[in-house]
Amino acid sequence: MNQMVAGHRRTAVTAPAVRRSLGQALTYTIALVVAAIIIVPLVYVVLGGFRTTGQIAAQPVALPQTWITRNYTDVLTSGTFWLQVFNSTLIAVIATAVVVGFGALAAFPLARFEFRGREILYTLFTLGLLFPVGVAILPLYLLLRQLGLLGTALGVALPEAAFGLPVTIVILRPFMRTIPAELEDAAVIDGCSRFGFFWRILVPLSRPALTTVAILSFVGSWNAFLLPLLVLGDPNGWTLPLGVANYSTQYTQDTARILAFTALSMLPALGFFVLAERRIIGGLSGAVKG
Amino acid sequence: MSLVGSPDRRREQAGAGSASDRVRRRPAAGRRRLIEVGLFVSPALALYLAFVLLPIFLAAYYGFYHWNGLGPVTEFIGLDNYARAFQDDVFTRAILHNGILVVLAILVQLPIGLGLALMLNQRLRGRAGLRLVFFAPYVLSEVITAVIWQLMLQPDGLVDATLRGVGLGGLVHLWLADIRIVLYTMFIVITWKYLGFAIILFLAGLQGIPEELRQAAAIDGAGPVQSLRHVTLPLLGPTIRIWAFLSIIGTLQLFDLIWIMTLGGPANASNSMVTYLIDHGFRRYQFGYGSAVAVILFAISLVFAIAYQRYVLRRDTEGALTRIVG
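Report follows, based on the coordinates.

Let's shift gears to the side chain of Asp160 of chain B. Residue and element names in this part refer to chain B. Position of Asp160 among the secondary structure elements: in helix α8 (residues 158–165). For the buried Asp160, no salt bridge exists, and the shortest N-O distance to an oppositely charged side chain is 5.0 Å, to Arg164. Discounting residues that sit within four places of it in the chain, Asp160 has contacts with Gln154, Pro155, Val172, His173 and Trp175.

Quick look at the structure:
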């Protein structure tokens, strides 16, 4: 950057420099236009929550004339919102704990043991990348009904964890491979059992990868719609996405209220993203690169 | 899938064996080792078998029956459900819709995503911020995305007002109510949400390409366009092919967005395979028929994935292997 700026100053009159700064201007213009297209809907939601439905209908593109906080305070004091935040959190925490715990246990031998059928087992798990919940949802629903799990947090969390296992194992296995064999030798010599090595050495050393899969699983569960939609019949058990979807049909006439509710339900995911951006992006691109 | 497995196997061939195996490769230890493996793997395997694999097998089974989801499964009807699915114009159109969305994703998102990734790969002030912005929609749920866009796309809503404001009033349409438009409206919303994912992957790929290669090309007299075409793009090939794979598989499973914005309508013009499945399975209690549809969807995904592995991704792994061997 500095080099380029300096070079630019010195040779501002020469043709390549002019061309370069023109190119830069073009680049910035495109970047800003795209950024605007992405940001405007989000800003629209947040600002719309501060307006009245009448104002929004009359002038879709405008700043709030007077900042009305009633939409937001209504949502925040209603109880429904907080109940749904709680339900979403509970389900996401259970799903994440199960998928990270079970996934790490399974990834350990798949990464570091030599046994017959290992690659078949691994392929079996990775095959799950092709099974989204949608394919299995009808029998899954019946299964949950038989297990008495319909309408419960576990009924959502366990299948979510099960469907999260493939990507978890795919990310953890290569990572666990890279931990040097010497460490394991040393642990064994010091009398560590396999589980001791797993628990005291491998898990702490795998923390970056474990964090990544935990975040992916949490966000996935937090955003899930189809499975909670079918499993959670009682509105008291609803998660935030169900709440948002329902709110938008229940208050069709009250755009401002929908916007306020949507804005508030957007915040946890966005806040989470800003905090964990590197892990999410690193995890996704890492998983793809293998 | 070997899609992700192959690089590991390479590493393995390079000789990074596990310590525990070197320590305990005695024949008597074989069974103990299997028990150990079992202890570690069984919780995950049990969960996976129960909630992922079993339902898929059950779907295959229910698909042969006429069944409303209640009472015993007795009315075996062979392949009738499948025949019915392929004769149902609504379903074949749903498949077509998924197909159109797949093609559009490749034709539109790939060049735009690639262009933006190349841009962000330059030394650009505010690059980190831009990256954050581009990627933000990806972490929002499809539900939120759907609700936001549904409101913005209302007649005389934000989108229409903006188009009129910039003098493009002629473009205003009934975005969600016109059966000729609605699928393409969906595509725009999908692109808004998932373009950031493409950009992030491509950026990661670009950052793996050594700067020296482009410098060498420049020394050999290659202009920026030639360098892009003959150096950058070929080296980015594996990333692009994996993005395309994930994007296609994701598009085949599309549900949330459509369900909230249009319920597959108007007049089934925006149905996807999964919205069709849920509509028949849960709203009309045709569990047998819905299961058959699920099996078809699964078969399409699987056949695509295997073909893609074999004919498209294979080049990548072969290249990688020959590089190691040679």
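Structure shown, so let's carry the discussion forward.
With that settled, consider the nonpolar core. If you look at the biggest cluster of nonpolar residues, it comprises 199 residues, and the most contacted ones within it are Phe125, Ile137 and Phe198 of chain A together with Phe134, Met261 and Ile278 of chain B. Not counting residues within four places of it along the chain, the set of residues in contact with Phe134 of chain B comprises Ala31, Val34, Ala35 and Ile38 of chain A together with Leu116, Leu120, Gly196 and Ile199 of chain B.

With that settled, the discussion passes to the packing of aromatic side chains. The final tally for this structure, using the stated rule, is 42 aromatic pairs over all chains. Residues Phe225 of chain A and Phe255 of chain B carry aromatic rings whose centres are separated by 6.3 Å and whose planes lie at 25° to one another, so their mutual orientation is stacked. A residue pair is termed interchain when its members come from two chains, as with Phe225 of chain A in the loop between α11 (207–223) and α12 (226–231) and Phe255 of chain B in the loop between α11 (224–252) and α12 (256–261). Across this residue pair, the class does not change: Phe225 of chain A and Phe255 of chain B are buried. Both rings, one in Tyr61 of chain B and one in Tyr65 of chain B, keep their centres 5.0 Å apart while their planes meet at 50°; by these two values the pair is tilted. Judged by its relative accessible area of 38%, Tyr61 of chain B is partly exposed. By relative accessible area, which is 12% here, Tyr65 of chain B ends up buried. An aromatic cluster of three or more residues is present, and its members are Tyr141 of chain A together with Tyr61, Tyr62, Phe64, Tyr65, Trp67, Phe76, Tyr82, Phe282 and Phe287 of chain B. A cation sits over an aromatic face here: Arg173 of chain A above Tyr122 of chain A, 3.8 Å from the ring centre.

In this assembly, 104 residues from chain A lie in contact with 100 residues from chain B. Inspection of the chain A/chain B interface yields one salt bridge. Between Arg194 of chain A and Glu36 of chain B there is a salt bridge, and its shortest N-O distance comes to 3.4 Å. If you look at where chain A meets chain B, you find eight residue pairs in polar contact (both at pLDDT 80 or more). Counting residues per element, the side of chain A that touches chain B draws most heavily on helix α14 (residues 255–289) of chain A, which supplies 17 residues. By residue class, the composition of the side of chain A that touches chain B is 77 nonpolar, 15 polar and 12 charged.

Another aspect to go through is helix α6 (residues 118–127) of chain A. Within α6 of chain A, burial applies to Arg118, Leu121, Tyr122, Phe125 and Thr126 of chain A. Viewed end-on, α6 of chain A has its buried residues packed into an arc of 135°, placing them on one side of the element.

The next point concerns the packing of helix α10 (residues 211–219) of chain B against α11 of chain B. Residues and elements named next belong to chain B. Across the interface, α10 lies against α11 with an axial gap of 10 Å and an inter-helix angle of 160°. Classified by the angle their axes make, α10 and α11 are roughly antiparallel. Of the two possible hands of crossing, α10 and α11 adopt the one that is right-handed. Along its contact with α10, which presents Leu213, Arg214 and Ala217, the element α11 presents Ser227, Val231, Thr232 and Leu235. Among the residues forming the contact of α10 with α11, the class breakdown is four nonpolar, two polar and one charged.

Closest axis-to-axis distance for the helix α7 (residues 133–146) of chain A/helix α13 (residues 273–283) of chain B pair is 10 Å, and the angle between their directions is 15°. As the angle between them shows, α7 of chain A and α13 of chain B are arranged roughly parallel. Along this stretch, α7 of chain A crosses α13 of chain B, giving a crossing that reads as right-handed. Of α13 of chain B, the residues touching α7 of chain A (which contributes Gly134, Ile137, Leu138 and Tyr141 of chain A) are Val274, Leu277, Ile278, Gly281 and Phe282 of chain B. Here the contact of α7 of chain A with α13 of chain B is composed, by residue class, of seven nonpolar, two polar and no charged.

What follows covers the pattern of salt bridges. Residues and elements named next belong to chain A. According to the stated counting rule, one finds 12 salt bridges over all chains in the structure shown. Here Arg70 and Asp74 are joined by a salt bridge, their closest N and O atoms 3.9 Å apart. Residue Arg70 and its partner Asp74 are located together in helix α4 (residues 70–77), separated by four residues, close to a single helical turn. The residue Glu119 makes a salt bridge to Arg173 at a minimum N-O spacing of 3.3 Å. Remark: Arg173 occurs in helix α8 (residues 153–177) and Glu119 occurs in helix α6; sequence separation between them is 54 residues. One network of salt bridges, in which partners are shared, links Arg70, Asp74 and Arg257.

With that settled, the discussion passes to the side chain of Asp88 of chain B. Residues and elements named next belong to chain B. For Asp88, the position within the fold is in the loop between α4 (80–87) and α5 (89–120). It is Arg84 that comes nearest to the buried, bridge-free Asp88 among opposite-charge side chains, at 5.7 Å. Among the polar contacts listed, one links the side chain of Asp88 to the side chain of Tyr276, at a separation of 2.5 Å.

The rules behind each value
Residues numbered from 1 in each chain as written. Chains lettered and ligands numbered in written order. Predicted model: local features only at pLDDT ≥ 70, side-chain atom pairs only at ≥ 80, totals over all residues. Heavy atoms only, no water. Helix = DSSP H or I, 4+ residues; strand = E, 2+ residues; numbered from the N terminus. Buried < 20%, exposed > 50% of the residue type's maximum accessible area, 1.4 Å probe, protein only. Lys, Arg positive; Asp, Glu negative; His and termini not counted. Salt bridge = Lys/Arg side-chain N within 4 Å of Asp/Glu carboxyl O. Contact = heavy atoms within 4.5 Å. Core = buried A, V, L, I, M, F, W, Y, C linked by side-chain atoms within 4.5 Å. Phe/Tyr/Trp six-rings, centres within 6.5 Å; stacked < 30°, edge-to-face > 60°. Lys NZ or Arg CZ within 6 Å of the ring centre and 35° of its normal. Polar contact = N/O pair within 3.5 Å; in protein donor to acceptor, adjacent residues only side chain to side chain. Nonpolar A, V, L, I, M, F, W, Y, C, P; charged D, E, K, R; others polar. Arc of directions from axis to C-beta. Axes fitted to C-alpha atoms, helices over the stretch in contact; angles between N-to-C directions. Parallel < 35°, antiparallel > 145°, perpendicular 65-115°, else oblique. Left-handed = near helix turned anticlockwise from the far one by under 90°.

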